[in-house]
Structure formats: structure tokens, C-alpha cells
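Okay, here's what each chain looks like letter by letter:
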Amino acid sequence: MCRSPTVEELLFFRMGRRHKSKGKRRLSLWWIFVSGLALAALICGAVLLENRRPPEHHEPFLKQSPPQPQPEQTAKKAAARKPALPQTTRVAKEGACPVGWTLEGEHCSRTNKGVNLEMLDMDADPCTQPYRYACGAFLDDPRNAGENLLFYSLYQRNRELMQNIVLQHASEDPQSDVGQFYHACVDYLEAPQKEDSPTLEQLTLLIEEDLTRHEDLPRVMGLLSKYDIPLPLSLSFEVDLLRGSTLIPFISQHLGVFSAPTNDLGHLTAIQSTLGISFQAARKVTALEQTLLGARREPLSSTLHAYASHEYNNTDLVRDWPSFAASVHAKGFDIGDMLRTAWPGAYKHITRAWVNSPLYVNRFAELHRTHTIETWRAYLRFACHIALEAGAYTDNEHHYAYHRSYDGRWSFPWKRPQRFYMVTSASESSNEQQCVYATEAYLPLLLDDYYLHAALTEERTEAARRLTRSVIDTFLEQLRDPMDTLFSPHLNRTMAIEKIENMQVLLGAPTHWRELLQFPNRPLIRGQGFLEDVLQIRSYHKSYLEALFAQSPYEPLDADRLFDGLLSVDNAFYVHQLNAVIINAGVMQDPLFSPSYELEAQYGRLGVILAHEISHSVDRVGTHFDWKGGVVEPPWMSGEAFDADTHYIEALYTRPSYLQNLNDGQRTLNENIADQYGLHVAWRALLKQKPDASFGKFRVAYAQMYCDGLDKTAERRLAQRASHSINSVRVTAGLSTFPCS
């Protein structure tokens, strides 16, 4: 590093030492000083000239290294990072262009082929620093803090499109279901006094007039369950954990309506003011809640291995429903009457059911009589209030969206509908924006139809189909190859091949999902007010599942007939009980996927995602299920053999992230296995379609899916609860198993 001499140094040279030839000595010192300065200036000049040279282009998989364009200096890039490359650069002779560029005539042109060149850090080594190389400029730009560029852009695009769809229909066709629901929502939020729902009034009247003794409780709870009111016993139809691809009645235990401690003054005051009851009566309501909470058991096991082994199935699957219902009735609660009221068309078909847990149901039958009927009335009235009009109780109204979520830890589809919050107090979102969200939450099927017409073209779908067929064929070829070393040597390849050959891949939208739009209970919206519309939609979805079960009780169903998702969500997942991969239409959009992208970008993104989800069929949980989605006992690969064969993957992903947070390779093992299989299968599928494919382009396209600007604290918090590895580790560890020179 070059610097000017200090004052002390100048004084030292100026004074010198006294001796006989003082003048000559002073002249000699000055000569040495000036010569030193000149030499230092020459060295600094040489260093600056060296730094101005364009960096080497590390692209070992390109046939030859092309000449690099001269970057323009800009103050926008932090730490003097190399800025975006110019739009075109002249090449002296025909040759390969840098990653993400195409040769047009005599120029390398920066056209959009699925790779964002402005994010590249040309100083980083793509072999040893693939994350820094692909995302460096993005990481250095503080404006992008906390964002993931690709998925954030994809989310924003889908959000804007869905918002435009809602607002367009609300404006141009206010009498449509979408228009009526949206305007009813806006009127509800703007009204100085909230409307009373006719249905809610009827339910409240039912509770007050019909619930006169404990024997009435099962029937009243059955009627309330039709509208998804939170109750001590929750009723639904879910996919059978043992047989797969079939619906089964599901009775779940109480998870708490409001979980209020008996001595919490805030909760007691809210109950008292909402219901107009005494303080002592409010204490009895919270005491009832605590009794129910004390009797419940945790619904899910705490570890992946315990859940995959189905430790609860021996007790939670009721194989003889009539006998079980009779035993519960003998304890004082007629659960059969509750189910007959809730499911009048399906109850006669019930022979077996999933009950989580039978012990809780029996305890509930014994305990419910320890509380007075007046307390039960207040409790159920408050449950209705929580379900619809919670603004007086908390700052939010609790609504439940009817596109189902899947459990990220287990990839099982039997989760509750996603909770949707509508803020009734001061909020950053306008009433119009909140009602756009509410419309998406409650009318996903209608909006899905509009979204598909706007976003999913036949060209895009056909390109995704070709890619899917290529990935599946490659997956099967690898499994059939006796010399293959990608998959575990202890893997039962016959079972794996059978699963993938029979796997359903739902691209963009399921085939039969529009059947829900032709269900007899339509129209959904009756124009009687917002809360009334919400209750009618809940009743509609409940009755649809009941009718689906009644049409073919305990018979296998296609995965697309059970699909109840919001297609604009940028998500993809595998469902074990259905042996199906779901690729939402929201994923098949720019900037993640486009038919115009180069094949390297198509396979490096959507191809990897697809292969990743298919890989879950042969992961630690997948080995417990057969090709029909039914449970196999014992699993077709022992846990000990699986752990031994995948130990290297656990070690590979146990490493510090780009921000030096330690990634837990053991906790994220299942997703890491899918990452490894997905990357290698997608790359091999690409080579079959394009033998001269550039691994450099494939690598950058994959890596740029996971560029994010989280700070170290935010990344650490996310890593503690996420089922996937930290983004930078997914890139660095995943690509480290490929040869790179």
C-alpha cells in the first residue's frame, strides 16, 4: 500500500546527523529521499494498472475462455465490485460467450436466457465459491437486504396478477361471486358497526334454545362443525395414513379455542364484555378450556423418525367405528349423533376412522359433564365469536383460507386450512388490499380459473411437460442402471421404480379440480353480507368433502380430485399418501421458468425442483410408503441402512453458511438428500437433451434461485426452524459433488 511520508520522517531526513561534511550529508539524504519517493510511485502505478485488467473468467465447462468486456465503474456497487457487464461486446473471432450471453453476429449479446448477469461477481471462483460467483453483486447491494431475488420477484409477480384479477372483476362484474364477495368485504370493514350474519344469529339462537341438557351437546356441536367453528372435537375428511389415496373420516382432538388461563384478567374481560355475562361466569368458561387442554395429547410426534414409523397408528386408527362410537356413548357423549348431524349423507358409510386420539375422546366424554350447561353455552357462543368476529377480542379477525397447506416437516397433506388474518384496527394495508387478500383466501377455486387463463399458456405448459418427461425418464434409467452410484446401495430399486412409474405429476393445475366449481351447492355467494358469505363458503367446502367421500367411501381417488390448493402460490411439494408431485402454476412463471430460457436454465431451476420433489419418494419417509400411497411395514429400507448410506450427505451439509452460521446437516437431512438427487438427475437429464450443455450456465441458473440478502441474525433464526438447509449451503454443498477444475 502506498502512502506519503509523515512529518516525523521528513524532519528526520532534514536534520540528519552532525558530522564534518554536514552539507554533503544533507544533500545525500535528500537524494535518497527523492529516489525512494520515485520508486514508490512507480510501484503504485504498476499495481493500479494490474488492478485495471479484466478478471479471468472462471468457466471450466466452456470450450474456450472468451475475451472479457471492460466494466464501467459505478458508485452503486459496494466495495468497488465489478458492475453489470455492457449489453454487447465485440469478439475478435467466433467463440463461446460468457455464461448467460449469446453470440449474435460478431457480438456477445446480453439477452435474458434465465441468468441474471447483474448479480455475478466475476472476481469469485465459480468452482470453489459458486454462491458468491452467482450472487455476489446482489449480496453487496444493501437495497436488497432481506430479499430473495428470484422467489421474491416471482411472489411479487403472482401477487400483482392476482390483485389485478380481483380488482378487475370487482370493477367490471360486481355481480359475480368475486365482485360480490370483494365489495361485501369492503363494506364490512368500512361500516361503523359490524353487520350481524343471519347464519351466525341462527347458530347463536340454536345454542341458546336447543342446548338445554348435556345430551343435546353432540347434535349442537355437529351443526356448528358444518361451519368450521372451532370445537373440542374437530371433524374433517383426510387422506388415509395407511391405505393412501383414499379419504377417511378424521376426528381430531381439541387444540384450544383461545387457551385463556383462568386468572388472566384480559381474557376474562374480553369474554365478559363479548358475551355479556358475569365475571364469575367468564372464569368458568376459561376453566372449561383448561380442562380440555389438560386432557389432550400432542397430535404429532416430535421427531421425523418417530412420525415416519407411525408410532400412533396402532391406537389412533379405529378399525371398528360402530363399536368405538358405542363405547364413547356409554361414557355419556353420543359421538355418533354428532357425526350424523355433521355428515348426514356420509355417516352410514363410516366403518373405520382416524381418531387423534381415542384416549382424548373418551376423556372428553367423561369430563364434559363436569361443567354446567350454562358454561357450555357461553363457551360455544364465544367459539362462534372467535371464528368470525374476533375484533373485540384481539386486534385481528381470524379467518381460515380454504386452500390447504402441507406440513413442511413431513410433507403430509392433512393440515388445517391456512389461517388468514384480517386486521380490524389501524393497519399498513388499506381496506381494499385486505379484501383482495380475503377474496384470495376464500375463493381460491374461482381465482385459480382466472389465473390459469392469464398466466399458464399452452406453450409454457408443453415445455414443462417435456422437461418433466425427461427428468422422470432419467430418474428411472439411473435406478435401472446396476453401475449407478448416485442412489444408496441398500435402496430397494424395484420398489423405487414402481413408485416413480406410477407417480402422478400435477403440472400447473390438476385435471379434475374444476369439478369443485360444478358442485351442486353453488352459487357460493348469496349477497347477504360478508360474514354470511364466509359461513356459506365454509359450509360449501365441508359438504364437498363429505359428498366426495359418500360417492366412493374408502375407494382410491386420483390426487387431482383431492387437490384443494391456490394455484398462484409459488410452491411445489410431494405428497406421500398420494404418491404425487404438485407443481403449482405459480412456480411455472418468469423469472423461474420460461420456454424461451436456454435449456441449462430450464433444467437448472424447474428441472431441479421437479427432481427434488420426486426424490422425496425414496427418502427416509418415502421408504415407508408403496406406490399407492399406503404404508409398508416394515419399510422397504431399514433406518439403520439409510442412515449409514446417507451419513456423507449429513456431513457434507454440516458446514458454515456464507454468513458463518452453522447449518445442521442432520436436521435437514431429508431435504439435503432430495437436493443431491435432484441436482444430479436434472443435470444428467439435460445432457440427454443437449450433450454439449454448459455446466457453468446450469450451475449459475441453479445458484441464483437461492440468492438472498438476509443478515446473519435473520438467517440464523430462519435456519433454526426451516426444514431446508441455509440457501448458501444448498448451493455450495450441493454443487461441491460435481467435478470442477
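Residues numbered from 1 in each chain as written. Predicted model: local features only at pLDDT ≥ 70, side-chain atom pairs only at ≥ 80, totals over all residues. Heavy atoms only, no water.

Draft legend 1. View of the packing of aromatic side chains. If you walk through the whole model with that rule in mind, you get 19 aromatic pairs. Considering the side-chain rings of Phe-487 and Tyr-677, the 4.7 Å spacing of their centres and the 65 degrees angle between planes classify their relative orientation as edge-to-face. You can see Phe-487 sitting in the loop between helix 18 (458–480) and helix 19 (493–501) and its partner Tyr-677 sitting in helix 24 (residues 669–689), a full 190 residues away along the chain. For Tyr-677, a relative accessible area of 5% puts it in the buried group. Summarising the aromatic geometry, the rings of Phe-549 and Tyr-554 are spaced 5.2 Å apart at their centres and angled 85 degrees between planes, so their arrangement reads as edge-to-face. The exposure class of Phe-549 is buried, given its relative accessible area of 1%. Owing to a relative accessible area of 12%, Tyr-554 belongs among the buried residues under this scheme. A network of ring pairs unites the aromatic residues Phe-333, Tyr-360, Phe-364, Trp-376 and Tyr-379 as a single cluster. (Phe/Tyr/Trp six-rings, centres within 6.5 Å; stacked < 30°, edge-to-face > 60°. Helix = DSSP H or I, 4+ residues; strand = E, 2+ residues; numbered from the N terminus. Buried < 20%, exposed > 50% of the residue type's maximum accessible area, 1.4 Å probe, protein only.)

Draft legend 2. Region of interest: the sheet that holds strand 11 (residues 572–575). The three strands lie next to each other as 10-12-11, forming an open sheet whose pairing is mixed. Looking at which strands have only one partner, the edges of the open sheet turn out to be strand 10 (504–508) and strand 11. Each neighbouring strand pair of the sheet contributes to a mean axis angle of 10 degrees, computed without reference to strand direction. In the sheet, strand 10 pairs with strand 12 (residues 580–584) via five bridges, with the strands oriented parallel. Bridging from a neighbouring strand, Gln-504 pairs with Ala-580 of strand 12. Against the sheet, helix 21 (residues 599–615) contacts strand 10, strand 11 and strand 12, and its axis sits at roughly 150 degrees relative to strand 12. (Pairing = 2+ DSSP bridges. Axes fitted to C-alpha atoms, helices over the stretch in contact; angles between N-to-C directions. Contact = heavy atoms within 4.5 Å.)

Draft legend 3. Here's a closer look at the state of the cysteines. Applying the stated rule across the entire model yields two disulfides. Between Cys-135 and Cys-707 runs a disulfide, and the two sulfur atoms are separated by 1.9 Å. On the S-S bond that ties Cys-135 to Cys-707, the torsion sits near -70 degrees, and the link is left-handed. Taken together, the residues span a long stretch of sequence, with Cys-135 in helix 3 (residues 130–140) and Cys-707 in the loop between helix 25 (695–703) and helix 26 (712–721) at a distance of 572 residues. Here Cys-135 matches Cys-707 in class, with each residue buried. Across a sulfur-sulfur distance of 2.2 Å, Cys-185 and Cys-435 are joined as a disulfide pair. Taking the sign of the S-S torsion, -85 degrees for the link of Cys-185 and Cys-435, the bridge is left-handed. In this pair, Cys-185 is assigned in helix 5 (residues 177–190) and Cys-435 in helix 16 (residues 431–442), connecting sequence segments 250 residues apart. Judged by its relative accessible area of 0%, Cys-435 falls in the buried class. (Disulfide = S-S within 2.5 Å.)

Draft legend 4. Spotlight on the pattern of salt bridges. Inspection of the entire model under this criterion finds 20 salt bridges. Between Asp-590 and Arg-460 there is a salt bridge, with its nearest N and O atoms 2.9 Å apart. Of this pair, Asp-590 sits in the loop between strand 12 and helix 21 while Arg-460 sits in helix 18, and the two are 130 residues apart along the sequence. Exposure remark for Asp-590: the relative accessible area of 25% places this residue in the partly exposed category. (Salt bridge = Lys/Arg side-chain N within 4 Å of Asp/Glu carboxyl O.)

Draft legend 5. Molecular detail of the nonpolar core. One finds Leu-233, Trp-321, Phe-333, Leu-339 and Leu-380 to be the most contacted residues of the largest nonpolar core, which totals 187 residues. Broken down by element, the residue count for this core peaks at eleven residues, all from helix 15 (residues 373–388). Once residues within four sequence positions are removed from consideration, Trp-321 is found in contact with Ile-251, Ile-335, Leu-339, Tyr-347, Ile-350, Thr-351, Arg-352, Ala-353 and Val-355. Membership of the second largest hydrophobic core comes to eight residues, among which are Phe-573, Val-575, Leu-578 and Ile-582. (Core = buried A, V, L, I, M, F, W, Y, C linked by side-chain atoms within 4.5 Å.)

Draft legend 6. Molecular detail of the sheet that holds strand 7 (residues 353–356). Spatially, four strands are ordered 4-5-7-6 in an open sheet, and the strand pairing comes out mixed. If you trace the sheet from one side to the other, it starts and ends with strand 4 (234–239) and strand 6 (317–318), each paired once. Judged from the six bridges that link them, strand 4 and strand 5 (residues 247–252) form a sheet pairing that is antiparallel. Opposite Leu-235, over in strand 5, you have Ile-251 as the bridge partner. The sheet strands contacting helix 12 (residues 321–330) are strand 5, strand 6 and strand 7, and the helix crosses strand 7 at an angle near 40 degrees.

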